[in-house]
Amino acid sequence: MIKDPAEYTYYCLFDPTTGKRLGSYVEGIHKIPTDAIRVSYNDFMLYASSPNWRYDWDKKEPIFVDVKFELNLKELREEACLRSQKQTKKDIESGVSVDFGGDLGIVKFDSDLETQVTLMLDLNQGIDYPDKKWVVRGYIQGSTDKAVLELNKEQIMKLSIALTDHVNAAKQRGRERAEYINSTSRTVEELYNFVNNNL
């Protein structure tokens, strides 16, 4: 007959300093270390669910610990740099809006790397032809559907400049974040707050 989980006796072995779970044991199934702590079934499952759950040696109960507080300055700086790089990529790919005026009005275009390269190649291949038309796709203001548009030389140049400015601005913000992160005066608390605010 299969026993109910609540009928077993459970133990966990914890780090004497951090309270991290080092092992889990069930009486009658495992050999129980002499310094293991007896815990309830619910707490046993809680400790196993996440390394964030630790044993509070003072209160003798589970406590949830934000592991970011355990990161040292070097680790926090590395994590902050990764978050910043992801934010820069997100900013670059957020799209760029161009106001063409007239009937076309404001149009939002994709701004990912593929779009940048495609536009640059198309522009270079046709820039010497004043009457050339460029076929592009964008979202006309007020529409959620991407429209096929035909731009003249003046309009494609305007789009190209706007896209370049958009990308450069995103990269500049990334450089400013990097300077902040890598400053020798930056504290653990400041870096933690940066990481926490850039999830």
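Residues numbered from 1 in each chain as written. Predicted model: local features only at pLDDT ≥ 70, side-chain atom pairs only at ≥ 80, totals over all residues. Heavy atoms only, no water.

Concerning the overall build of the protein chain
(1) Moving on: When helices and strands are counted, the protein chain shows five helices and nine strands.
(2) Moving on: The helix and strand sequence of the protein chain, counted from the amino end, reads β-β-β-α-β-β-α-β-β-α-β-β-α-α.
(3) Moving on: For a compact globule of 199 residues, the expected C-alpha radius of gyration is about 16 Å, and the protein chain comes in at 29 Å, more than 25% above that figure.
(4) Moving on: Taking the principal axes of its C-alpha atoms as reference, the protein chain extends roughly 85 × 55 × 30 Å.
(5) Moving on: Residues counted as buried form 31% of the 199 residues belonging to the protein chain.
(6) Moving on: Accessible surface, the protein chain as shown: approximately 13,300 Å² in total, 51% of it carbon and sulfur.
(7) Moving on: Considering the protein chain, the positive charge centre built from 27 side chains and the negative charge centre built from 32 side chains are found 2 Å apart. (Helix = DSSP H or I, 4+ residues; strand = E, 2+ residues; numbered from the N terminus. Rg over C-alpha atoms; globule rule 2.2 N^0.38 Å. Buried < 20%, exposed > 50% of the residue type's maximum accessible area, 1.4 Å probe, protein only. Areas by Shrake-Rupley, 256 points an atom, 1.4 Å probe, with all protein chains shown as cover. Lys, Arg positive; Asp, Glu negative; His and termini not counted. Charge placed at Lys NZ, Arg CZ, Asp CG, Glu CD.)

Remarks on the packing of helix α4 (residues 153-182) against helix α5 (residues 188-196)
For any two helices packed against each other, the geometry is given by the interaxial angle and the distance between the axes.
(1) Moving on: The interhelical angle for the contact between α4 and α5, taken along N-to-C directions, is 145°, at an axis separation of 10 Å. Of the residues in α5, those in contact with R177, Y180 and I181 of α4 are E190, L191 and F194.
(2) Moving on: Classifying every residue of the contact of α4 with α5 gives four nonpolar, no polar and two charged. (Axes fitted to C-alpha atoms, helices over the stretch in contact; angles between N-to-C directions. Contact = heavy atoms within 4.5 Å. Nonpolar A, V, L, I, M, F, W, Y, C, P; charged D, E, K, R; others polar.)

As for the pairing of strand β7 (residues 106-109)
(1) Moving on: The side-chain alternation of β7 yields one buried face, formed by V107 and F109, and one unburied face, formed by I106 and K108.
(2) Moving on: One ladder, built from four bridges, connects strand β6 (residues 96-99) with β7; its direction is antiparallel. Following the sheet pairing, V96 is matched in β7 by F109.
(3) Moving on: Taken together, the two bridges between β7 and strand β8 (residues 134-140) define a ladder with antiparallel strand orientation. Looking at β8, one finds that K108 is bridged to Y139. (Pairing = 2+ DSSP bridges.)

Focus on the layout of surface pockets
(1) Moving on: One number sums up the size of the largest pocket: a volume of about 310 Å³.
(2) Moving on: Those elements giving two or more residues to the lining of the largest pocket turn out to be α3 (113-126), β8 and α4.
(3) Moving on: Within the lining of the largest pocket, the residues separate by chemical class into seven nonpolar, two polar and five charged.
(4) Moving on: Roughly 150 Å³ of volume is contained in the second largest pocket.
(5) Moving on: Taken together, Q116, L119, M120, S160, L163, T164, V167 and N168 make up the lining of the second largest pocket.
(6) Moving on: Those elements that provide at least two residues to the lining of the second largest pocket are α3 and α4.
(7) Moving on: Examining the composition of the lining of the second largest pocket, we find that five residues originate from one element, α4, more than from any other. (1 Å grid on protein atoms, 1.4 Å probe; cavity = no way out; pocket = protein on both sides within 12 Å on 5 of 7 lines; lining within 4 Å. Points joined across faces, edges and corners; volume = space filled by probe spheres on them.)

Concerning the sheet that holds strand β3 (residues 37-39)
(1) Moving on: Taking strand neighbours across the sheet as the criterion, the three strands line up as β2-β1-β3 in an open arrangement whose pairing is antiparallel. For this open sheet the edge positions go to β2 (21-26) and β3, each flanked by a neighbour on one side alone. Between one strand axis and the next, the sheet turns through 30° on average, direction left out of account.
(2) Moving on: When strand β1 (residues 10-14) meets β3, the two strands line up antiparallel, connected through three bridges. Note on β3: the bridge partner recorded for Y11 is R38.
(3) Moving on: Sitting on the sheet, helix α1 (residues 41-49) touches β1, β2 and β3, and the angle it makes with β1 is about 40°.

Some words on the environment of S40
(1) Moving on: Along the chain, S40 turns up in the loop between β3 and α1.
(2) Moving on: The class of S40 is partly exposed, set by a relative accessible area of 36%.
(3) Moving on: Taking the C-alpha atoms as reference, S40 lies 8.3 Å from A6; in sequence the two are 34 residues apart.

A closer look at the packing of aromatic side chains
(1) Moving on: On inspection of all chains with the given rule, the structure shows nine aromatic pairs.
(2) Moving on: Consider the rings of Y10 and F44, whose centres lie 4.7 Å apart with planes at 40°: the pair is tilted. Taken together, the residues span a long stretch of sequence, with Y10 in strand β1 and F44 in helix α1 at a distance of 34 residues.
(3) Moving on: Grouping aromatic residues by their ring pairs yields a cluster made of Y8, Y10, Y41 and F44.
(4) Moving on: Over the ring of W134 we find K132, and its NZ or CZ is 5.5 Å from the ring centre.
(5) Moving on: Stacked on the ring of Y180, the Lys or Arg R186 has its end atom at 3.7 Å from the ring centre. (Phe/Tyr/Trp six-rings, centres within 6.5 Å; stacked < 30°, edge-to-face > 60°. Lys NZ or Arg CZ within 6 Å of the ring centre and 35° of its normal.)

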